[in-house]
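Inside the fold
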Amino acid sequence: MKIAVCLKQVPSTDSRIKPGADGVSVDLSGVEWVVNPFDEYALEEALRLKEKRGGEVVVLSIGGDRIEEAMRTALALGADRAVVLKDAGFFRADALTVSAALAALVKRESPDVVFCGKQAVDNDEMAVPAMLAERLDWPQATVVVKLEIAEDGKTARADREVEGGREEIEIALPAVIAAQKGLNEPRYANLKGIMGAKKKTIEVISPADLGLSPPAATVTVLAIEQPSQARKNRMIQGDAARQAEELVRVLHEEEKLI
Amino acid sequence: MALKVLAIVEHRGGEVRKSSLEALTLAHRLAGEAGGTMAAVVAGKGVSGLVAVAAGRGAASVYTADHEMLALYSTEGYAAAAARAARKSGADVIVLSATAQGKDLGPRLAARLGYAYLADVVDARVEGGKLLVSRPEYAGKALLKLAAPMSKLVVAARPNVFPSGAAGSGSPETVSVDVSDVSPRAKVLRFVTSAQETVDVAEADVIVAGGRGLKGPEHFPLLLALAQALGAGVGASRAVVDAGWIDHEHQVGQTGKTVSPTLYVACGVSGAIQHLAGMRTSKCIVAINKDPEAPIFKVADYGVVGDLFEILPRLTEAVKKVKGGG
């Protein structure tokens, strides 16, 4: 099978996020750039599928200056090659634009299945996988926690996490599968993988190579704020029995929450 | 031309979901602020009874796609129904709720129509011909204020944030939407209810969350007992999910769920930055931890320094007493 994985480079979840001096962007100086955590599950699922069925795993990404680092990580884990649209404008573009560019990357490869993380932990929109599926005119399964691809590679069974339970779906391939945490346990890179990654290719292409015109945003950012909420910071004193009673009294009588 | 807003009605078990009532109310308010009109679309099987609900929230016309194929949710079936209703009604702005279904449908619909998609909106109003919205990024570490044109827009409203209220109960114009030519390539075979007998954490109005302070999975019943007494959902820190003490669907934080309940009770949760990101907008936060220096106390309204194993059972009893009494 030919398997594609869409991967985004994001600030690590340990990063402190603060507004930049311009007030309309996030100050990303000093953050650690990592592979989007949900994309790790997507890549792992792709690697397992290749190990089982044979074929090729190609990583697709849109990124800025440091994107090669993320690609090397994916190659060290076992991906065969990477194709990157390197362009700061597209890296920062909205989901509508990003999905169009990814669709162009996918069409260039014609894979049998595309894996994505369910969302990127920077923008948190959960929009690109579904938009990509629409642009390819493929079905989608988002927030997938379990996946089985049929022997003939034509269909798959997937469990999707929804409120209060799971939806079991049957989906025709090719399709876009968006991975949720729990789908698998991603591997770590070993030394052999890291050394081997150096010999693998990262193809860097430009928007012009894909026939894309520069992104034009319709939505403008007015401000980025750091949410802060005044808290009471009231400590409840006494022994355990007294603390429990006082807490419940406060929540019941003063806050009227229980 | 007057602005046209279309709300997507989400339902389960024959009832419009609470979060969808919020989206309907928001759509009606935005239409009002822009001097426009509001319509709604209902897709499903045997959904004619929901037309009145949409009308009761201010929809002047209701588009219904009633078909066997729509009996269970499918992205393609519901996207076809919504996109066709949007085209028929000439919708400038589409509003839906950012539920599991809304987050699956919204972006697909937006891409089909070529509309911009605003995910997880927590504030929205019309001003100077623009739609001004706020939405969190980085799981709430940053709040974006955005200005969008009042056209070609899909707005996904975060559940539990916007009010819901009745707005007239006129008899709406009903328009049927034909989807008989659509055959989804992804189909729901069945729905499996979660094994946990508690409210889903994403929908819960009260959340009791456990962290490493619980010391092991065998102590989660202490937490569950308090959750049950409070009628609460059960949340968890990344540490305990990664340790396998509880399923990932309970994880609150940047790689879990972002929640905003009225009451969040953090039990033995230290308050790592990525956990705080997921729950910091809760209306009232209670922290119980044996370490008085734990970062969770900085975001807490009420702090209890002490031993979870002594406090939790007493708290559960005290809650039961208060609830029982009234």
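What counts and how
Residues numbered from 1 in each chain as written. Chains lettered and ligands numbered in written order. Predicted model: local features only at pLDDT ≥ 70, side-chain atom pairs only at ≥ 80, totals over all residues. Pairing = 2+ DSSP bridges. Helix = DSSP H or I, 4+ residues; strand = E, 2+ residues; numbered from the N terminus. Contact = placed C-beta atoms within 7 Å. Axes fitted to C-alpha atoms, helices over the stretch in contact; angles between N-to-C directions. Parallel < 35°, antiparallel > 145°, perpendicular 65-115°, else oblique. Left-handed = near helix turned anticlockwise from the far one by under 90°. Nonpolar A, V, L, I, M, F, W, Y, C, P; charged D, E, K, R; others polar. Buried ≥ 20, exposed ≤ 12 C-beta atoms within 10 Å, placed from the backbone. Arc of directions from axis to C-beta. pLDDT = per-residue confidence, 0-100. Core = buried A, V, L, I, M, F, W, Y, C linked by C-beta atoms within 7 Å. Domains from an automatic or database assignment. Expected span 1.5 Å × (residues − 1).

**Brief notes about the sheet that holds strand β16 (residues 263-267) of chain B**
Spatially, β15(A)-β18(B)-β17(B)-β16(B)-β14(B)-β15(B) is the arrangement adopted by the six strands of the open sheet, whose pairing is parallel. Strands with a single pairing partner mark the edges of an open sheet, and in this sheet they are β15 (234-235) of chain A together with β15 (233-236) of chain B. Pairing analysis gives two bridges linking β15 of chain A to strand β18 (residues 302-305) of chain B, with the strands arranged parallel. Paired with arginine 234 of chain A across the two strands is tyrosine 302 of chain B, which belongs to β18 of chain B. Lying over the sheet, helix α5 (residues 220-230) of chain B contacts β14 (206-210), β15 and β16 of chain B, oriented at roughly 175° with respect to β14 of chain B.

**Here we look at the packing of α5 of chain B against helix α8 (residues 308-324) of chain B**
Residue and element names in this part refer to chain B. Look at α5 against α8: their axes get within 9 Å of each other, and the N-to-C directions meet at 15°. If you check the angle between α5 and α8, you find them roughly parallel. Seen from above, α5 lies across α8 with left-handed handedness. In this structure, α5 uses Leu222, Leu223, Ala225, Leu226, Ala229 and Leu230 to contact α8, whose residues at the interface are Leu312, Pro313, Leu315, Thr316, Val319, Lys320 and Lys323. Partitioned by chemical class, the residues of the contact of α5 with α8 number ten nonpolar, one polar and two charged.

**With respect to the packing of helix α7 (residues 240-254) of chain A against α8 of chain B**
Axis separation between α7 of chain A and α8 of chain B bottoms out at 8 Å; the angle between their running directions is 40°. With respect to α8 of chain B, the axis of α7 of chain A lies oblique. The two elements α7 of chain A and α8 of chain B cross, and the hand of that crossing is right-handed. Contacts between α7 of chain A and α8 of chain B involve Ala240, Ala241, Gln243, Ala244, Glu245, Leu247, Val248 and His252 of chain A on the former and, on the latter, Glu310, Ile311, Arg314, Leu315, Ala318, Val319 and Val322 of chain B. Here the residues of the contact of α7 of chain A with α8 of chain B sort into ten nonpolar, two polar and three charged.

**A look at the interface of chain A and chain B**
Taken residue by residue, the interface counts 72 residues in chain A and 73 residues in chain B. Put simply, the parts of the chain that give the side of chain A that touches chain B at least two residues each are α4 (95-109), α5 (128-136), β9 (140-149), β10 (155-162), β11 (165-172), β14 (220-225), β15 and α7 of chain A. Here the side of chain A that touches chain B takes nine residues from α7 of chain A, the largest share from any one element.

**What about the sheet that holds β14 of chain A?**
Ordered by their spatial adjacency, four strands build an open sheet running β14(A)-β10(B)-β9(B)-β8(B), and the pairing between neighbours is antiparallel. For this open sheet the edge positions go to β14 of chain A together with β8 (123-127) of chain B, each flanked by a neighbour on one side alone. The mean inter-strand angle of the sheet, taken between neighbouring strand axes irrespective of direction, is 20°. In this sheet, strand β10 (residues 142-149) of chain B lies alongside β14 of chain A in antiparallel orientation, the contact comprising five bridges. Its bridge partner lying in β10 of chain B, valine 221 of chain A is registered against leucine 146 of chain B.

**A few points about α5 of chain B**
Residues and elements named next belong to chain B. Among all positions in α5, only Leu222, Leu223, Leu226, Ala227, Ala229 and Leu230 are buried. Take α5 and look down its axis: the buried residues cluster within an arc of 165°, on one side only. For α5, the secondary structure elements touched by its buried residues are β14, β15, β16 and α8. Backbone geometry just downstream of α5 places glycine 231 in the positive-phi region, at approximately 65°.

**Considerations on the confidence of the model for chain B**
Averaged over every residue, the pLDDT of chain B is 94; residues scoring 70 or more account for 98%. With a pTM of 0.93, the predicted complex shows an ipTM of 0.94.

**Some thoughts on the nonpolar core**
Counting residues in hydrophobic clusters, the biggest one holds 211 residues, and the most contacted among them are Val5 of chain A together with Ala7, Ala82, Ile94, Leu118 and Val155 of chain B. Look past the residues within four positions of valine 5 of chain A in its chain and what remains in contact with it is Ala42, Leu43, Ala46, Val57, Val59, Leu60, Ala79 and Phe115 of chain A.

**What about the domain arrangement of chain B?**
Residues and elements named next belong to chain B. Taken domain by domain, chain B comprises domain 1 (4-176) and domain 2 (206-324). Between the C-alpha centres of domain 1 and domain 2 the distance comes to 33 Å. For the side of domain 1 that touches domain 2, the residue count by class is three nonpolar, two polar and one charged.

**Some details on helix α4 (residues 100-113) of chain B**
All names here are of chain B. Here α4 spans 21 Å end to end across 14 residues, near enough to the 20 Å set by a 1.5 Å rise per residue. Burial runs high along α4: 14 of the 14 residues are buried. Of the residues trailing α4, glycine 114 is marked for its positive phi of about 70°.

**Side note on the environment of isoleucine 246 of chain B**
Residues and elements named next belong to chain B. Its place among the elements puts isoleucine 246 in the loop between α6 (238-242) and β16. Isoleucine 246 sits 26 residues away from phenylalanine 220 along the chain, and the two C-alpha atoms are 8.5 Å apart. Dropping the residues within four chain positions of it, isoleucine 246 is found in contact with Pro217, Phe220, Ala236, Val240 and Val241.

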